[in-house]
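So you can see what is in the structure, the chains are spelled out below.
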Amino acid sequence: SHLRSYPPLQARGALALIAFALAGFWPILKAHPLMDDHLFFSWLERTSWLDAVSQRFTGNWIPEFTQLQMYRPVSGLWQATTYHFFRANALPHHVLNLLLHGVTCFLAGVLARNLTRKPEVGWLVSGLILVHPRAALGVSLIFNFTDVLSAFLMMLALVVLFAVREQERSSSFRALGE
């Protein structure tokens, strides 16, 4: 199996974080949609996916809700797409948010490990972000969930930036050595 190729401590740490996440977020996975979620569900029920995507990129979130004067094309595209697949079924939306949160925790751990060169720091950072109180709100919300998507995209950008900088640095050292 793929886990056997990792040192036993890393495999146990990964399994412990997964178990901890499921135990901690289990009540949220059973939660019903909130009021804002129902507003979006009702609008998306009446709107084709293409119209929803077009409106997300050209203007307001929901044209008939004037109090929502926001332009958020990335999260809007994500919302229209997830609704297209999951409809008003809350569980897959919550599971997807939890997966995004889990990947964000993993990426934060990778970044911390790479910055410090200490695997234990990476595990600590992953665990702390996993149980951060703000995460519960991001995972429980369906359509006002931009915290988990923003955190994921930011952490992905930081990990990629660090990898690019390390690559540039190592190629500069090789050039100096020649």
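Conventions and cut-offs
- Note that residues are indexed from 1 along each chain, following the sequence as it is written.
- Restriction of local features to residues with pLDDT of at least 70 applies here, the model being predicted, together with a cutoff of 80 or more for giving and counting side-chain atom pairs; totals for whole chains, interfaces and linings are based on all residues.
- Hydrogens are left out, water is left out, and the side-chain values use all remaining heavy atoms of the structure.
- Axes, fitted as lines to C-alpha atoms, cover a helix only where it is in contact. Angles between the N-to-C directions of the axes lie from 0 to 180 degrees.
- Numbered from the N terminus, helices here are DSSP runs of H or I no shorter than four residues, and strands are runs of E no shorter than two.
- Oblique is the label for any angle not covered by the other classes, which are roughly parallel (under 35 degrees), roughly antiparallel (over 145) and roughly perpendicular (65 to 115).
- Crossing chirality is assigned from the near helix's rotation relative to the far helix, an anticlockwise turn below a right angle marking it left-handed and a clockwise turn marking it right-handed.
- By definition, residues are in contact when any of their heavy atoms lie within 4.5 Å.
- Under the scheme applied here, ten amino acids are nonpolar (Ala, Val, Leu, Ile, Met, Phe, Trp, Tyr, Cys and Pro), four are charged (Asp, Glu, Lys and Arg), and all others, including Gly, are polar.
- In this analysis, the expected span of each helix is defined as 1.5 Å times one less than the number of residues it contains.
- The rule is simple: take the accessible area with a 1.4 Å probe, protein chains only, and divide by the maximum for that residue type; under 20% is buried, over 50% is exposed, in between is partly exposed.
- Put simply, buried Ala, Val, Leu, Ile, Met, Phe, Trp, Tyr and Cys residues joined by side-chain atoms within 4.5 Å make one nonpolar core.
- In this analysis a 1.4 Å probe is tested at points of a 1 Å grid over the protein atoms alone, and where it fits but cannot get out there is a cavity; an open set with protein on both sides within 12 Å along at least five of seven lines is a pocket; lining residues have an atom within 4 Å of a point.
- Grid points are joined across faces, edges and corners, and a volume is the space filled by probe spheres set on the points.

J.: Sorry, what's going on with the packing of helix α4 (residues 73-86) against helix α5 (residues 90-116) here?
T.: Angle between the axes and distance between the axes: these two values describe a pair of packed helices. Two elements in contact, α4 and α5, have axes whose closest approach is 10 Å; the angle formed by their N-to-C orientations is 130 degrees. What the angle tells us is that α4 and α5 run oblique. For the pair α4 and α5, the sense of crossing is right-handed. Of the residues in α5, those touching α4 at Trp78, Thr82, Tyr83 and Phe86 are Pro92, His93, Leu96 and Leu100. Here the residues of the contact of α4 with α5 sort into 6 nonpolar, 2 polar and no charged.

J.: What exactly am I supposed to notice about helix α2 (residues 35-46) here?
T.: One turn of an α-helix holds 3.6 residues; hence residues three or four places apart share an orientation. Its 12 residues place the ends of α2 17 Å apart at the C-alpha level, agreeing with the 16 Å of an ideal helix rising 1.5 Å per residue. All buried positions along α2 are accounted for by Asp37, Phe40, Phe41, Trp43 and Leu44. Its buried side turned inward, α2 meets α3 (49-58), α4 and α5.

J.: What is the right way to read the packing of α2 against α4 from this model?
T.: Contact pair α2 / α4: the axes reach a minimum separation of 11 Å and the direction vectors enclose 75 degrees. The angle between the axes of α2 and α4 places the two elements in the roughly perpendicular class. Contacts from Phe41, Leu44 and Glu45 of α2 reach α4 at Gln79, Ala80 and Tyr83. Its residues assigned to classes, the contact of α2 with α4 comprises 4 nonpolar, 1 polar and 1 charged.

J.: Please clarify how the nonpolar core should be interpreted in this entry.
T.: Generally speaking, soluble globular proteins have nonpolar side chains that are buried together. Phe25 and Val139 are the most contacted members of the largest nonpolar core, which totals 20 residues. Among the secondary structure elements, those contributing two or more residues to this core are α1 (8-29), α5, α7 (133-140) and α8 (146-177). The dominant element in this core, judged by the number of residues it contributes, is α5, at 7 residues. If we skip the residues at most four places from it in the chain, Phe25 touches Leu98, His101, Leu130, Ala135, Ala136 and Val139.

J.: How should I be thinking about the layout of surface pockets in this particular structure?
T.: Using a probe with the size of a water molecule, rolled over the atoms, empty space left in the structure can be pinpointed. If you add up the space inside the largest pocket, you get close to 760 Å³. Considering every element that reaches the lining of the largest pocket, the biggest residue donor is α5, with 10 residues. Within the lining of the largest pocket, the residues separate by chemical class into 18 nonpolar, 5 polar and 1 charged. Taken as a whole, the second largest pocket holds about 230 Å³ of empty space. At the level of secondary structure, the elements contributing two or more residues to the lining of the second largest pocket comprise α5, α7 and α8. Top element by residues in the lining of the second largest pocket is α8. It accounts for 5 residues.

In short, shape yes, function no, at least from these values alone.
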